[in-house]
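Notes for the structure review
The lines below spell out each chain.
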Amino acid sequence: MAKDNNLTSEEKEAKKQEMILFLSDSEEKESFLSKNNRKLLTDPLDDDNPITVQVLGICSALAITVQLEPAVVMAIAVMAVMAFSNIIISMLRNMIPSRIRIIVQLVVVASLVALVDQVLRAYAYDVSKQLSVFIGLIITNCIVMGRLEAFALGNGVYKSFLDGIGNAAGYGLILIIVAFFRELLGSGKLFGYEILGHQGTSAADSTGLYAMGYENNGLMLLSPMALIVVGLIIWVQRARNRKLIEE
């Protein structure tokens, strides 16, 4: 404290700017892997999951979970956008006028989404075609905008980064679980590889479970089944964690 009192006004202002860009006063006093920081990563995976608890981002959970591969790519894309948008908005939080904060957030997110879209077109074109407009719709994803407004605008860069990673991981986890069951039970495959055996024109020509008479459940490939799978996940989650049940 005495050391801070000996600083000149210029040094204090420089230190203040350093706090704005990197760590706030409270963050400077706690370790990088403190309990509060770990909760930013772990809570969205369970007790505060953006899909099953906050009920956000449902549209993409219905639309892109027919196969596991696009679900994984979408999860990575959202994680990249959320992490970097949280960092940028947190760094600018004391410079953004309140009246235009939503516009600034949209510009930041739209720029990052455009960058992610171009990377996918360059290195994963087939998956990019499968995801189609849903990559662009990350711009309006309630989870992304919600965390910018609720967290990044009021916290330092490091905490905002962890919050973005945690919420994106929670979102991606549900996408991957839903896609796993839909692709496995709907087509007998995972990542395009046959898991339950080869389905021939008859049981004699088939292998694995198909040779025993198993048939793919075509209903799993329909969008309503994604909602049902999400509902089952919510049921299991609340059965295991009773405090999530609303009064």
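Residues numbered from 1 in each chain as written. Predicted model: local features only at pLDDT ≥ 70, side-chain atom pairs only at ≥ 80, totals over all residues. Heavy atoms only, no water.

Naming follows an unreviewed UniProt entry, where the protein chain appears as Na(+)-translocating NADH-quinone reductase subunit D of Autumnicola lenta. Per UniProt, the protein chain carries the Catalytic activity (unreviewed entry) text "a ubiquinone + n Na(+)(in) + NADH + H(+) = a ubiquinol + n Na(+)(out) + NAD(+)". UniProt, in its Subunit (unreviewed entry) section for the protein chain, records the words "Composed of six subunits; NqrA, NqrB, NqrC, NqrD, NqrE and NqrF." (UniProt positions renumbered as here; feature names shortened; annotations may be inferred.)

Time to look at the packing of aromatic side chains. Counting across every chain of the model gives one aromatic pair. Here the aromatic rings of F180 and F181 are separated by 5.2 Å at their centres, their planes lie at 90°, and the arrangement is edge-to-face. (Phe/Tyr/Trp six-rings, centres within 6.5 Å; stacked < 30°, edge-to-face > 60°.)

Another point: the nonpolar core. M74, V81, L131, I135 and I138 are the most contacted members of the largest nonpolar core, which totals 45 residues. Of all the secondary structure elements, the ones that give two or more residues to this core are α6 (68-91), α7 (101-123), α8 (125-131), α9 (142-150), α10 (157-187) and α11 (223-240). With nine residues, α6 is the single largest residue contributor to this core. Excluding residues that lie within four positions of it along the chain, L131 makes contacts with I64, P70, V73, M74 and L120. (Core = buried A, V, L, I, M, F, W, Y, C linked by side-chain atoms within 4.5 Å. Buried < 20%, exposed > 50% of the residue type's maximum accessible area, 1.4 Å probe, protein only. Helix = DSSP H or I, 4+ residues; strand = E, 2+ residues; numbered from the N terminus. Contact = heavy atoms within 4.5 Å.)

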